[in-house]
Amino acid sequence: MEGLAWDDSCKIDIPLIDERNQRLMEIAAKLQELAAVKRKKEEDFENIGEALADIMEFARMHFNEEERILVGKQYPELNQHKREHKRFIKKLMGFRRLFSEDPAKVSDDATAYVASWLPDHIKEEDARYAPFIRVQNYLAECQAMGRRGRS
Ligand SMILES: [Fe+2]
């Protein structure tokens, strides 16, 4: 499994979103690091469980925030984007439910899932709306300048 790391290829050039995505990647990298320990002790699994909870909590906050921006800008592919977010949260909820039964297996499966979903989502789905948001921001700026020019 490839190590998760934030780099310029993850940037979509919307500062708030980049900041949140970077944080999410950092939490996911922490999970990956914890899951990579060969002979895990009980406390290692506790830490993995906590990392899973952290990812879910931060992802929920970030997805809500991102969706509010997309609603505000009337992004035409909003529903598809929301579905992707929902899929991720649902999957993580499932992992967390099963975690107490078989932590060793679940921590590997959950880590693999997060490590593949997250960079893909940022580079494909988030990157897809970025130009749209930039154009909308530009148009809003032009309108504001027009209003200032007239007054
Ligand atoms: Fe997203």
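About the cut-offs
- Residues numbered from 1 in each chain as written.
- Predicted model: local features only at pLDDT ≥ 70, side-chain atom pairs only at ≥ 80, totals over all residues.
- Helix = DSSP H or I, 4+ residues; strand = E, 2+ residues; numbered from the N terminus.
- Buried ≥ 20, exposed ≤ 12 C-beta atoms within 10 Å, placed from the backbone.
- Contact = placed C-beta atoms within 7 Å.
- UniProt positions renumbered as here; feature names shortened; annotations may be inferred.
- Axes fitted to C-alpha atoms, helices over the stretch in contact; angles between N-to-C directions.
- Parallel < 35°, antiparallel > 145°, perpendicular 65-115°, else oblique.
- Left-handed = near helix turned anticlockwise from the far one by under 90°.
- Nonpolar A, V, L, I, M, F, W, Y, C, P; charged D, E, K, R; others polar.
- Core = buried A, V, L, I, M, F, W, Y, C linked by C-beta atoms within 7 Å.

Attention now moves to the overall build of the chain. Helix and strand content of the chain: 4 helices and 0 strands. Secondary structure elements of the chain, listed N to C terminal, follow the sequence α-α-α-α. For the chain, the C-alpha atoms occupy an extent of roughly 70 × 25 × 20 Å along the three principal directions. The buried share of the chain, reckoned over its 151 residues, is 22%. Here the analysis covers contacts within the chain between residues at least 6 apart in sequence; of these, 73% occur between residues at least 24 apart.

As recorded in UniProt, the sites labelled "domain: Hemerythrin-like" (unreviewed entry) are residues 15-132. With 88% helix and 0% strand, residues 15-132 has its two end C-alpha atoms placed 15 Å apart.

Turning to the packing of helix 2 (residues 42-72) against helix 4 (residues 103-150), a few remarks are in order. In the contact formed by helix 2 and helix 4, the axes pass within 12 Å of each other and the chain directions differ by 20°. It follows that helix 2 is roughly parallel to helix 4 by the angle criterion. Here helix 2 and helix 4 pass one another in a crossing that is left-handed. Note on element contacts: helix 4 touches helix 2 through P103, S107, A110, V114 and Y129, opposite F45, I48, L52, I55 and L70. Within the contact of helix 2 with helix 4, the residues separate by chemical class into 9 nonpolar, 1 polar and no charged.

Time to look at the environment of K91. Within the secondary structure, K91 is located in helix 3 (residues 78-99). Expressed as a C-alpha distance, the spacing of K91 and S107, which sit 16 residues apart in the sequence, is 13 Å.

A few words now on the nonpolar core. Among the nonpolar cores identified, the biggest contains 24 residues, and A28, L31, A51, L52, I55, V114 and L118 are the most heavily contacted of them. Elements with a minimum of two residues in this core: helix 1 (15-35), helix 2, helix 3 and helix 4. No other element matches the 7 residues that helix 1 contributes to this core. Not counting residues within four places of it along the chain, the set of residues in contact with L52 comprises L31, L92, F95, R96, F99 and A110.

This brings us to unusual backbone geometry. Keep in mind that most residues, glycine aside, have a negative phi and that most peptide bonds are trans. You will see that D13, though not glycine, has its phi angle at about 65°, which is positive. Here D13 lies in the segment before helix 1. For Q74, which is not glycine, the phi torsion reads 55° and is therefore positive. One can find Q74 in the loop between helix 2 and helix 3.

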